[in-house]
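What follows is each chain in one-letter form.
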Amino acid sequence: MSVFLPLDPETKIPAIRGWAKDGYQGVERCDYCALRTDGLAVIDVESLELAEAWIAEPGTNTEYVVLTGRGAHFYYRATEGSGGSRPLVPGMIDLKTGKGSY
């Protein structure tokens, strides 16, 4: 289940404690939010040029894309073995997935 959590807009760090625990239910509304990535695999691309290149790659289609200030987030359903957030191209493309990621 994915839930929203408020972020500090300057640091992009969660503004509340306990958000990574199993019992966290999220918030209904916040001005600057993130999505906890339970059950999701999110590709975070840091430029529009790279986002366009990601879209052009075969097998990367998704219905769920959110434009960010610099690039885009591509949302996929996590599969077995997709856990663990990590940079795919350091500073440019990151994988965010599993408990404890947002």
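Residues numbered from 1 in each chain as written. Predicted model: local features only at pLDDT ≥ 70, side-chain atom pairs only at ≥ 80, totals over all residues. Heavy atoms only, no water.

**Looking at the overall build of the protein**
(1) Moving on: A tally of regular secondary structure across the protein gives one helix and seven strands.
(2) Moving on: Each helix and strand of the protein, placed in order from N terminus to C terminus, yields the pattern β-β-β-α-β-β-β-β.
(3) Moving on: Since a compact globule built from 102 residues should have a radius of gyration of about 13 Å, the 14 Å found for the protein is in line with a globular shape.
(4) Moving on: Dimensions of the protein, computed from the C-alpha atoms along their principal axes, are close to 40 × 30 × 25 Å.
(5) Moving on: For the protein, the proportion of its 102 residues judged to be buried stands at 32%. (Helix = DSSP H or I, 4+ residues; strand = E, 2+ residues; numbered from the N terminus. Rg over C-alpha atoms; globule rule 2.2 N^0.38 Å. Buried < 20%, exposed > 50% of the residue type's maximum accessible area, 1.4 Å probe, protein only.)

**Brief notes about the pairing of strand β3 (residues 40–45)**
Remark: a regular strand shows side chains that alternate across the two faces of the sheet.
(1) Moving on: In terms of burial, β3 is largely enclosed, as six of its six residues are buried.
(2) Moving on: Neither face of β3 is exposed, since Leu40, Val42 and Asp44 on one face and Ala41, Ile43 and Val45 on the opposite face are all buried.
(3) Moving on: Bridge count between β3 and strand β5 (residues 72–77): six bridges; the pairing is antiparallel. Each residue of the ladder has a partner; that of aspartate 44, found in β5, is histidine 73.
(4) Moving on: Sheet topology places β3 next to strand β7 (residues 93–97); five bridges connect them, and they run antiparallel. Bridged to aspartate 44 within β7 is aspartate 94. (Pairing = 2+ DSSP bridges.)

**Let's talk about the sheet that holds β5**
(1) Moving on: In space, the five strands of this open sheet follow the order β4-β5-β3-β7-β6, with antiparallel pairing throughout. The open sheet has two edge strands, β4 (64–67) and β6 (86–89), and neither has a second partner. Ignoring strand direction, the axes of neighbouring strands in this sheet form an average angle of 25 degrees.
(2) Moving on: Set on the sheet, helix α1 (residues 48–56) makes contact with β3, β4, β5 and β7; between it and β5 the angle comes to about 35 degrees. (Axes fitted to C-alpha atoms, helices over the stretch in contact; angles between N-to-C directions. Contact = heavy atoms within 4.5 Å.)

**What about the state of the cysteines?**
(1) Moving on: Tallied over the entire structure, the rule returns one disulfide.
(2) Moving on: A disulfide bridge connects cysteine 30 with cysteine 33, and the sulfur atoms are separated by 1.4 Å. When the S-S torsion is 135 degrees, as for the bridge of cysteine 30 with cysteine 33, the disulfide is right-handed.
(3) Moving on: Residue cysteine 30 is classed as partly exposed on the basis of its relative accessible area, which comes to 24%. (Disulfide = S-S within 2.5 Å.)

**Description of the nonpolar core**
(1) Moving on: Of all hydrophobic cores here, the largest spans nine residues; its members are Ala41, Ile43, Val45, Ala51, Ala72, Phe74, Tyr76, Ile93 and Leu95.
(2) Moving on: When sequence neighbours within four positions are dropped, the list of residues in contact with isoleucine 93 reads Ile43, Asp44, Val45, Leu50, Pro87 and Leu88. (Core = buried A, V, L, I, M, F, W, Y, C linked by side-chain atoms within 4.5 Å.)

**Focus on the side chain of aspartate 38**
(1) Moving on: For aspartate 38, the position within the fold is in the loop between β2 (33–35) and β3.
(2) Moving on: With a relative accessible area of 10%, aspartate 38 lands in the buried category.
(3) Moving on: Polar contacts involving the side chain of aspartate 38 include one to the side chain of arginine 36, which spans 2.8 Å. (Polar contact = N/O pair within 3.5 Å; in protein donor to acceptor, adjacent residues only side chain to side chain.)

Bear in mind that shape data such as this cannot, by itself, settle questions of function.
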